[in-house]
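Here is what each chain is made of, one letter per residue.
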Amino acid sequence: MILVTGGAGYIGSHSAKALGRAGYRVVVFDNLSAGHREAALGAQLVEGDVRDVGAVRRAIRESGADAVMHFAAWLDVAASVRDPVGYYRNNLVGALAILEAMAAEACRQFVFSSSCAVYGEPVELPLPETHPTAPVNAYGQTKLAVEQALPHFERAYGIRSVSLRYFNAAGADPDGELGEDHSPEFHVIPRALAAAQGGAPFEIFGEDYPTRDGTCLRDYVHVTDLADAHVRAVGHLQDGAASTTYNVGTERPSSVRDVLAAVERVVGRRVPTKTALRRPGDPAALFASSARIRENLGWVPARPGLETIVADAWRWHEAHPRGFAMAARRSGR
Ligand code: NAD
Ligand code: UFG
């Protein structure tokens, strides 16, 4: 049994679905601050806050969970620069509360949603896991702080872990059941899709970066490929493997302009744009070396191309212009 914190959110819901398909039983634990009841897809949903050690202990005990996948966090990089208190509380205090609950309930396998934001400004690209960690925003710092706590929790309480440092999660469930629904939405692909559909012009946050077209480079990885990495990671822990850290990215850098071009091809409409200031806390380029997860877990992205990722995202947005609110209305809530 796996307790999936943040399982009503974007990556957590896709991962819970993949776990179910792989034969695992799943309980979702989420406070629905950014998640959606409908995204749990019928899995048991425990409503609670991960900072509440007692509630997490109860959920582990009552479900009989032997592993926790921890997605529940805040993830707006720019907001973390303005509000480090909130980010340290939700992301660091939240993770420590879960680990405390796990130690108390003898639940000893932990898969952690980390981020490439732990690296900061790259001194080497593509980024290997051995790259120095020097986050340039509070968000990345909270992720690194959790990673750094994990060896202590393993020594003292026997909790083994896999930290997955995702690059930019994107796309949507190819079956069309799940997709990205953040409010407000700050991620580049859904914002570009909204602009293509006649929304406000898309703001390009900085066109003066030292990159090939002046815009930031990122490594967009399909959310179902991320979900697959989680299934493999927990399988690895259940087989008794040692704790480790993996990058999860496609190793392909795409600029903001590449994203806009892919959106225009997929949607068949122009994306109106305007140049805006750089966003605080944004490194110029982040893309992965995923050699370690490929070699150790056999993970290979099944949907790596930017156009496939954008097309899957578009299918979801077109079918759900109001996100999960549509599904809620259909089911009468
Ligand atoms: P999301 O906001 O869609 O999902 C997060 C879920 O956690 C939401 O359902 C929210 O309600 C829940 N949550 C937040 N705080 C909580 C709390 N205190 N108690 C209980 N539930 C809480 O975000 P996502 O894009 O699915 O990201 C999931 C994880 O992946 C996060 O930890 C994020 O930092 C990490 N990550 C995301 C990306 C990305 O590109 N989206 C990249 C790297 C890492
Ligand atoms: N961008 C724009 N305009 C927008 C939105 C984004 O130009 O309206 C740019 C950003 O400046 C950045 C790129 O598009 O250069 C990607 O931005 P996102 O907000 O989509 O993603 P981030 O790279 O900032 O952050 C995401 C997740 C984090 C994760 C990080 C790792 O939100 O959790 O990827 O890179 F840590």
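Cut-offs used in this document
Residues numbered from 1 in each chain as written. Chains lettered and ligands numbered in written order. Predicted model: local features only at pLDDT ≥ 70, side-chain atom pairs only at ≥ 80, totals over all residues. Heavy atoms only, no water. Near = heavy atom within 4 Å. Polar contact = N/O pair within 3.5 Å; in protein donor to acceptor, adjacent residues only side chain to side chain. Areas by Shrake-Rupley, 256 points an atom, 1.4 Å probe, with all protein chains shown as cover. Helix = DSSP H or I, 4+ residues; strand = E, 2+ residues; numbered from the N terminus. Contact = heavy atoms within 4.5 Å. Expected span 1.5 Å × (residues − 1). Bend = angle between axes of the 7 residues up to and from the residue. Buried < 20%, exposed > 50% of the residue type's maximum accessible area, 1.4 Å probe, protein only. Pairing = 2+ DSSP bridges. Right-handed = clockwise from strand over helix to strand, strands pointing away.

Caption draft 1: Spatial organisation of the site of ligand 2. Around ligand 2 there are 21 residues in total, and Ser115, Tyr139, His187, Arg279 and Asp282 lie nearest to it. In this structure, Asp282 approaches ligand 2 through a side-chain N or O atom, which is 2.6 Å from an oxygen atom. Burial of ligand 2 by the protein chains amounts to 95% of its free accessible area of 680 Å². Looking at the shell around ligand 2, the elements with two or more residues in it are helix H6 (188–196) and strand S8 (202–205). If one sorts the elements of the shell around ligand 2 by residue count, S8 sits on top with four residues.

Caption draft 2: Expanded view of the environment of Ala196. Looking at the secondary structure, you find Ala196 in helix H6. Measuring from C-alpha to C-alpha, the distance between Ala196 and Gly268 comes to 8.7 Å, with 72 residues separating the pair along the chain. Excluding anything up to four places from it in sequence, Ala196 contacts Val263, Val267, Arg269, Arg270 and Val271.

Caption draft 3: Fine view of unusual backbone geometry. Cis geometry marks the peptide bond from Leu125 to Pro126, where omega comes out at -5 degrees. Tracing the chain through its elements places Pro126 in the loop between strand S5 (109–115) and helix H5 (138–157). Although it is not a glycine, Leu32 adopts a positive phi angle of roughly 60 degrees. As for its position among the elements, Leu32 is in the loop between strand S2 (26–30) and strand S3 (44–47). Even without being a glycine, Leu41 presents a positive backbone phi close to 50 degrees.

Caption draft 4: Quick look at helix H4 (residues 84–105). Taking 1.5 Å as the rise per residue, H4 with 22 residues should run 32 Å; its terminal C-alpha atoms sit 30 Å apart, in good agreement. Its axis deflected by about 25 degrees at Val93, H4 carries its strongest bend there. Downstream of H4 by a residue or two, Ala106 has a phi angle that is positive, lying close to 55 degrees.

Caption draft 5: Structural context of the pairing of S2. The buried fraction of S2 is high, at five of five residues. Here S2 shows no split at all, with Val26, Val28 and Asp30 on one side and Val27 and Phe29 on the other all buried. Sheet topology places strand S1 (residues 2–5) next to S2; four bridges connect them, and they run parallel. Each bridged residue has a counterpart across the sheet, and for Thr5 the counterpart in S2 is Phe29. Since S1 and S2 lie parallel, the crossover through helix H1 (residues 10–21) that links them has a hand, and here it is right-handed. Where S2 meets S3, four bridges bridge the pair, whose relative direction is parallel. Paired with Phe29 across the bridge in S3 is Val46.

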